[in-house]
Amino acid sequence: MNKITRKGATVDAAIEAALQELGLTREQVNVEVIESGKKGFLGFGAKDAEVIVTVNEPQVEDNNETDTDEKVTIEEPEQLEVEQPIEERFEEEIVLEVQDSSKVSDEVAIHETKAYVVAIANEMGIDDLVVNYEQDGKYITFQLESEKAAFLIGKRGQTLNALQQLAQLITNKFSEQFKVVRLDVGDYRERREQSLEQFAERMADQAVRNGRKVKLEPMPSYERKIIHNALSNRLDIETYSEGTDPNRYLVIEPMN
């Protein structure tokens with residue numbers, strides 16, 4: 001067996017699988033990377049790495065020729081840096097580099113953000129995404145439309161919140177001044193806000209009824225703010241946040 005092809009979650013994992021089967025070390029083989037692999041985004045678009053491992057031919061001493069063999073080195077792909085934040089991985093894959101900072105503008109920022117969101121959607125298997133936007137001063141709202149809207153929203157809006165965070169980073173990478181970015185699918189944000197307000201009232205009533213503070217589940221800062229605002233006029237409870245992001249949560253405590 002002089003050559004085998006193997007797949008793995010990473011290039012290193014694929015190479016290791018091939019070496020174990022061959023019973024050889026890296027110094028005894030030549031490795032060709034066919035696919036570097038992708039970690040995917042929120043579980044979507046992941047792809048295994050694939051390599052071809054070829055056993056090196058035994059060296060035959062030849063006094064008439066100069067040894068010109070060079071040691072084969074394998075460049076590790078950026079995807080192997082498991083500690084690299086997901087926002088940075090997607091920035092590198094889509095290659096969003098500003099060559100001249102004097103050319104940044106709101107128009108460029110909006111264009112690049114739309115392209116960025118569409119690219120991520122494609123990685124998620126969503127190929128019919130339409131992105132429209134509205135701008136009001138420093139606030140930019142991107143409206144997403146797709147037959148696969150549920151995939152864009154995710155459980156309790158977690159996927160949409162992650163996309164919004166990434167879009168915020170990209171917009172401010174290209175914008176002249178700081179912008180606040182909002183992503184929405186249909187009227188999801190409005191419905192979510194109404195649901196949070198109703199939930200806040202129920203939890204406040206529970207806290208007062210039982211005489212004990214209620215700790216809510218972790219949520220993004222703007223959702224915590226919705227609950228704060230919804231309960232701001234109540235004199236029988238107080239609200240405050242505890243913990244650190246992304247696990248920061250809101251507490252509703254009855255007043256004694």
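Rules used in this analysis
Residues numbered from 1 in each chain as written. Predicted model: local features only at pLDDT ≥ 70, side-chain atom pairs only at ≥ 80, totals over all residues. Heavy atoms only, no water. Helix = DSSP H or I, 4+ residues; strand = E, 2+ residues; numbered from the N terminus. Buried < 20%, exposed > 50% of the residue type's maximum accessible area, 1.4 Å probe, protein only. Contact = heavy atoms within 4.5 Å. Areas by Shrake-Rupley, 256 points an atom, 1.4 Å probe, with all protein chains shown as cover. pLDDT = per-residue confidence, 0-100. Salt bridge = Lys/Arg side-chain N within 4 Å of Asp/Glu carboxyl O. Core = buried A, V, L, I, M, F, W, Y, C linked by side-chain atoms within 4.5 Å. Axes fitted to C-alpha atoms, helices over the stretch in contact; angles between N-to-C directions. Left-handed = near helix turned anticlockwise from the far one by under 90°. Nonpolar A, V, L, I, M, F, W, Y, C, P; charged D, E, K, R; others polar. Pairing = 2+ DSSP bridges. Parallel < 35°, antiparallel > 145°, perpendicular 65-115°, else oblique.

So, on to the overall build of the protein chain. When helices and strands are counted, the protein chain shows seven helices and nine strands. Burial analysis of the protein chain (256 residues in total) assigns 34% to the buried set. Of all intrachain contacts in the protein chain linking residues separated by at least 6 positions in sequence, the fraction that spans at least 24 positions is 60%. As displayed, the protein chain offers around 16,100 Å² of accessible surface, 45% of which is attributable to carbon and sulfur atoms.

Turning to the confidence of the model for the protein chain, a few remarks are in order. Overall, the predicted model of the protein chain reaches an average pLDDT of 80, with 78% of residues at or above 70. Overall, residues 63-103 carries pLDDT values under 50, and its contacts beyond four positions in sequence, including any with other chains, amount to 52 contacts.

Before going further, it helps to spend a moment on the pattern of salt bridges. Per the counting criterion, the structure on display carries nine salt bridges. Linking Lys-179 and Asp-106 is a salt bridge whose minimum nitrogen-to-oxygen distance equals 3.0 Å. Note that Lys-179 is positioned in the loop between α5 (158-174) and β6 (180-185) and Asp-106 in helix α3 (residues 106-123), a separation of 73 residues in sequence. On the basis of relative accessible area, Lys-179 is assigned to the buried category, the value being 4%.

Soluble, globular proteins show a tendency: their nonpolar side chains are buried together. Counting residues in each nonpolar core, the largest one holds 25 residues, and the members touching the most others are Leu-129, Phe-142, Leu-144, Leu-152 and Leu-183. Of all elements in the fold, only α3, β5 (139-145), α4 (149-153), α5 and β6 reach the threshold of two or more residues within this core. Beyond its immediate sequence surroundings of up to four residues, Leu-144 is in contact with Val-117, Leu-129, Val-130, Val-131, Leu-152, Leu-160, Leu-183, Asp-184, Val-185 and Gly-186. Membership of the second largest hydrophobic core comes to 14 residues, among which are Ala-204, Leu-216, Ile-237 and Ile-252.

Moving on: the packing of α3 against α5. Running from N to C, α3 and α5 cross one another at 145°; their axes reach a closest spacing of 8 Å. Relative to α5, the crossing made by α3 is right-handed. Together, Val-108, Ala-109, Glu-112, Thr-113, Tyr-116, Val-117 and Ile-120 of α3 and Leu-163, Leu-166, Ala-167, Ile-170, Thr-171 and Phe-174 of α5 make up the contact between the two elements. For the contact of α3 with α5, a count of residues per class yields ten nonpolar, two polar and one charged.

An order of β1-β3-β2 is seen for the three strands of this open sheet, with the pairing classed as antiparallel. Unpaired on one side and paired on the other, β1 (3-8) and β2 (29-35) mark the two borders of the sheet. Averaged over all pairs of adjacent strands, the angle between strand axes in this sheet comes to 25°, irrespective of strand direction.

Moving on to the environment of Arg-26. Examined against the element boundaries, Arg-26 turns out to sit in the loop between α1 (11-22) and β2. Owing to a relative accessible area of 35%, Arg-26 belongs among the partly exposed residues under this scheme. Here the alpha-carbon distance between Arg-26 and Ile-15, two residues eleven residues apart in the chain, equals 8.4 Å.

A few words now on the packing of helix α6 (residues 188-210) against helix α7 (residues 221-230). Direction vectors running N to C along α6 and α7 enclose 50°, while the axes themselves pass 9 Å from each other. Put simply, α6 runs oblique to α7. Judged by the twist between their axes, the crossing of α6 over α7 is right-handed. Here Arg-189, Arg-192, Glu-193, Leu-196, Glu-197, Ala-200 and Glu-201 of α6 come into contact with α7, specifically with Tyr-222, Glu-223, Ile-226, Ile-227 and Ala-230. In the contact of α6 with α7, the residues fall into six nonpolar, no polar and six charged.

Tracing the chain through its elements places Glu-223 in helix α7. Residue class for Glu-223 comes out buried when judged on its relative accessible area of 2%. Beyond its immediate chain neighbours, meaning those up to four positions away, Glu-223 contacts Asn-161, Arg-192 and Leu-196.

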